[in-house]
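Structural characterization, general
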Protein chains: 4
Amino acid sequence: MKIRVTIWNENVHEQRNPKIAELYPKGIHGAIADILGDVEKYEVRTATLDMPEHGLTDEVLDNTDVLIWWGHVAHAQVSDEVAERVKLRVLDGMGLIVLHSGHLSKPFVKLMGTICRSKWRENNEKERIWVIEPSHPICSGLPEYIELPQEETYGERFEVPAPDELVFISWFSGGEVFRSGCCYKRGLGKVFYFRPGHEAYPTFYNENIAKILVNAVNWARPLDITRPTLGHYEALEKVEDIYAGMSDAERKHENLQNMV
Amino acid sequence: MKIRVTIWNENVHEQRNPKIAELYPKGIHGAIADILGDVEKYEVRTATLDMPEHGLTDEVLDNTDVLIWWGHVAHAQVSDEVAERVKLRVLDGMGLIVLHSGHLSKPFVKLMGTICRSKWRENNEKERIWVIEPSHPICSGLPEYIELPQEETYGERFEVPAPDELVFISWFSGGEVFRSGCCYKRGLGKVFYFRPGHEAYPTFYNENIAKILVNAVNWARPLDITRPTLGHYEALEKVEDIYAGMSDAERKHENLQNMV
Amino acid sequence: MKIRVTIWNENVHEQRNPKIAELYPKGIHGAIADILGDVEKYEVRTATLDMPEHGLTDEVLDNTDVLIWWGHVAHAQVSDEVAERVKLRVLDGMGLIVLHSGHLSKPFVKLMGTICRSKWRENNEKERIWVIEPSHPICSGLPEYIELPQEETYGERFEVPAPDELVFISWFSGGEVFRSGCCYKRGLGKVFYFRPGHEAYPTFYNENIAKILVNAVNWARPLDITRPTLGHYEALEKVEDIYAGMSDAERKHENLQNMV
Amino acid sequence: MKIRVTIWNENVHEQRNPKIAELYPKGIHGAIADILGDVEKYEVRTATLDMPEHGLTDEVLDNTDVLIWWGHVAHAQVSDEVAERVKLRVLDGMGLIVLHSGHLSKPFVKLMGTICRSKWRENNEKERIWVIEPSHPICSGLPEYIELPQEETYGERFEVPAPDELVFISWFSGGEVFRSGCCYKRGLGKVFYFRPGHEAYPTFYNENIAKILVNAVNWARPLDITRPTLGHYEALEKVEDIYAGMSDAERKHENLQNMV
């Protein structure tokens, strides 16, 4: 069965800035769609900020196994309703891959429960991404590090919850480090944050970056999940009220006496 | 230096239900305040839903190292503004201890990023709380299990992020288990969720429960924290733009050629 | 490509005790081999204590992606050499699934670094295994709990490192809980500990237990892992010795002065 | 009550190499002892490789709350018996702080269950240690990074289990990163691995390094721990054998029929 991937991009830089348009003529979403070009394995659609409901209608999300998110300057323009909808879908099992400056997007911030800020600068620095957990599915087939000659710089402290699994740490020539590959389970869904991918660099044309995105999609897709019962639930075992028939005061007394 | 603790209780059951009022004549907040009665160590105040700003003004929070939260039927009556304020204070270093049905309170849900629901029933069942990490500060001085003859029952799956440290697991006579003691670091603050403490049982009079609350307050208090710089940040090392003077097209070409 | 699975069983109870032989006429290893009967997906072999090198020669391990281990009364009879060999293979990428009393086996104890003991009794109690992380690959296709009418009982505290991922918690009718499904990454390999499977009960004939073993094999298999360089390593960046030409005393002085 | 700290140092470089002797005239153990000079808080002793039982007799360990370990060239000369003794003490509650090349010491390797190797070189590079978890007790009072103008370089992948809490990540000018502050709970004890401290640099004279060691000792000290019962354990609840009186075949049949 194909994995249904929706690639969301705010698609603002590409419209406003000819340099970015030249770098990513199909948009960043288009470049990522090309990565997932194996039509036997992936059914890919894209969605952008300017579409009705940002292209993330209930119908689209009903048909999405994994959502990839790229956003930067227009986080505030994403409606709270759509952001909450995305969050709830993740909690219900949809995979979410958040790229680069998407760490400050509404859905990611809501899912983390923190502010998610970090240090940053645009300084044409080298980023070397070290693989920390070579046996993790997201690291499959990668060399022991990936080198991007120029990228935007992010620096710790990255204000997120400690990831369930930390798979990459970046080194920057300016002197910073960054937890660049962070895996989270949230509700019934999986979330992967991946740091690189600034609009001014051709990062999404790199084959190792492509490999990571493919691996992440495969990892984040929902499996055969049984939704647990939430709310009122009958006892599975026969339980006797050991203080049945007692007054409230007697109950209190007995409970107090018999605590350990 | 004293640890400044604010105990927040919705204080609704105690007002409406004479049975609860009899069980907790000073309110649940009052019972917890008694636990933290060591005036050399703790400076304790209480706050309730019916106060202006629910008693959690900026001034109160400015003077709070650790906030204890008990809520149940009135979660929706807590204003979004106060809930957000509490969340931000935690991210800025304040400790938060969330008790029992407080798992569905606005501040906790916001901090977790998940829905935080579970199974539940009121069935007068025995709860046996097993200590899983005996070396954790919150478990100091405890026996290997605590037994409450009657409590409300909660059951997995508890829909929260996997705790950074899981210190207690509960057994219930009706057949369920529950991750009863969950430690989280969020932002610069620490959060401890502790399961027991239903209003209809004298749980907060138990000496081991008291020990846990005291331990948790000590653990959650902010230490000497240096706030990390967030936002734009100058490079600490001298960085050369290796493609300086190149056109955008040349830069793209070089970046693509030299990725690893 | 098929996943190559080796099922190791001490195979002592089956030889000595006619009751166990009747319950598992093919041995526990045979019952597990039947679970992995899909010959398109799995290439299965079995190995037992009484074979030369316990059936775990270098050649066998060279052809093993995932090793399943069942042991109980004969842990001490496993040679240290073979135990160390298994440990090293796991660190080099082989998956390891440790069943039930295998928590005290030499390879598992070596890999955990702890003693791995717990409470236990044989008392014909009910075990109910709750799924804690429904989105984990090992939980795929499972109901929200599994019930075994009778099993041996284990109780916390289970003296192991906190698992990287905790997927199951068991409830026992005698009053205990147990972390029944524990996932670890160790070196380049993955380890899954799964609690049930006492020799006196037909646990390995249950279809949900079978599903878990199949899921665990799929999860633990090595992917396309790049072995990281270990040992001496040349700098990737040009580094200048900022105190070159200085005497040792001057170096010490400069280093001390310029620390931050 | 004072925290009783034993500082163990192989003390080989200091004996053999006049440069090291000049840098650390009291030995590295002596420099660390000076850090813990607050006699109201700490009772400090030192022990070295050349002492009988390496100075780590049962009597010494009986009087040790936290053991600090520095070793490098003489790991193999530490007797297996003493290494095992140290490991068992940690599992029984003693804190252990492992410094720099102590990552390859026998006690640490035994406790981790892995090989614990990494990349390394001696190249007079700058190390910048970033604080990842500012609220952790070990980070109390630290600036957001520490800078050592020259240190030995270590590089990922560091072949250890993912730490329970990752508090520091190092940046090196040669292009590597390293998980420099790793917290583990093992058995009833706590372990802290801290990367810097090569014998050829005056690292242990730095006040922030000193702060970290003091914080780590406070964090790792055993609290009031209740040793859990391990081994056979009577049921806490009354349990009925629901298939009492049945033959083995009937039991098997009933167990199979009634699994869920």
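Further up the page is the structure itself.
Summarised in this report is the structure supplied together with it. Nothing here was measured: the structure is a model prediction, and the numbers come from that model.

**Considerations on the environment of Thr229 of chain D**
Structurally, the position occupied by Thr229 of chain D is in the loop between helix H7 (207-220) and strand S10 (231-232). Take Thr229 of chain D: its relative accessible area is 29%, and that puts it in the partly exposed class. Sequence-distant contacts of Thr229 of chain D, defined by excluding residues within four places in its chain, comprise Glu144 of chain B together with Lys119 of chain C.

**Comments concerning the interface of chain B and chain A**
On the side of chain A, 68 residues touch chain B, which itself brings 69 residues to the contact. Counting the surface lost from both chain B and chain A, the interface buries some 5,600 Å², and carbon and sulfur atoms represent 57% of this. On inspection of chain B and its partner chain A, the count reaches two salt bridges. With its nearest N and O atoms 3.5 Å apart, the salt bridge here joins Lys19 of chain B to Asp248 of chain A.

**Quick look at the environment of Gln77 of chain B**
Positionally, Gln77 of chain B belongs in the loop between strand S3 (66-70) and helix H5 (80-91). Separated by 29 residues in the primary sequence, Gln77 of chain B and Lys106 of chain B place their C-alpha atoms 9.8 Å from one another.

**Topic: the pattern of salt bridges**
Within the structure shown, the criterion is met by 103 salt bridges over all chains. A salt bridge links Glu147 of chain C to Arg128 of chain C; its shortest N-O distance comes to 3.2 Å. Placement of Glu147 of chain C in strand S6 (residues 145-155) and of Arg128 of chain C in strand S5 (residues 119-131) is noted, with a sequence separation of 19 residues between them. Pair check on accessibility: Glu147 of chain C and Arg128 of chain C agree, each one buried. What emerges from the salt-bridge pattern is a single network uniting Glu53, Asp58, Asp62, Glu81, Arg85 and Arg89 of chain A.

**Points about the relation of the copies chain C and chain B**
Each of the two chain copies goes to the other by way of a rotation about an axis and a shift along it. Overlaying chain C with chain B gives an RMSD of 0.0 Å, the required rotation being 180° about an axis along which the chain moves by 0.0 Å. What we have between these two chains is a two-fold relation.

**Details of the packing of aromatic side chains**
In this description, an aromatic ring pair is defined by two values, namely the gap between the centres and the angle between the planes. Applying the stated rule across the entire model yields 54 aromatic pairs over all chains. Judged by centre distance (5.8 Å) and plane angle (5°), the ring pair of Trp171 of chain A and Trp171 of chain D falls under stacked. Taken together, the positions of Trp171 of chain A in strand S7 (residues 165-172) and Trp171 of chain D in strand S7 (residues 165-172) put the pair across two chains. By relative accessible area, Trp171 of chain D is classed as buried at 1%. Centroid distance Phe158 of chain C to Tyr193 of chain C: 5.3 Å. Interplanar angle 50°. Geometry classified as tilted. Of the two residues, Phe158 of chain C sits in the loop between S6 and strand S7 (165-172) while Tyr193 of chain C sits in strand S9 (residues 189-194), which places them 35 residues apart along the sequence. Residues Phe158 of chain C and Tyr193 of chain C agree in their burial class; the two are buried. Within the aromatic cluster, the residues linked to one another by ring pairs are Phe108, Tyr154, Phe158, Phe178 and Tyr193 of chain A. A cation over an aromatic ring shows up here: Arg128 of chain C above the ring of Trp171 of chain C, its NZ or CZ 5.0 Å from the ring centre.

Analysis parameters
Residues numbered from 1 in each chain as written. Chains lettered and ligands numbered in written order. Predicted model: local features only at pLDDT ≥ 70, side-chain atom pairs only at ≥ 80, totals over all residues. Heavy atoms only, no water. Helix = DSSP H or I, 4+ residues; strand = E, 2+ residues; numbered from the N terminus. Buried < 20%, exposed > 50% of the residue type's maximum accessible area, 1.4 Å probe, protein only. Contact = heavy atoms within 4.5 Å. Buried area = accessible area lost by both parts, 1.4 Å probe. Salt bridge = Lys/Arg side-chain N within 4 Å of Asp/Glu carboxyl O. Least-squares fit on C-alpha atoms with pLDDT ≥ 70 in both. Phe/Tyr/Trp six-rings, centres within 6.5 Å; stacked < 30°, edge-to-face > 60°. Lys NZ or Arg CZ within 6 Å of the ring centre and 35° of its normal.

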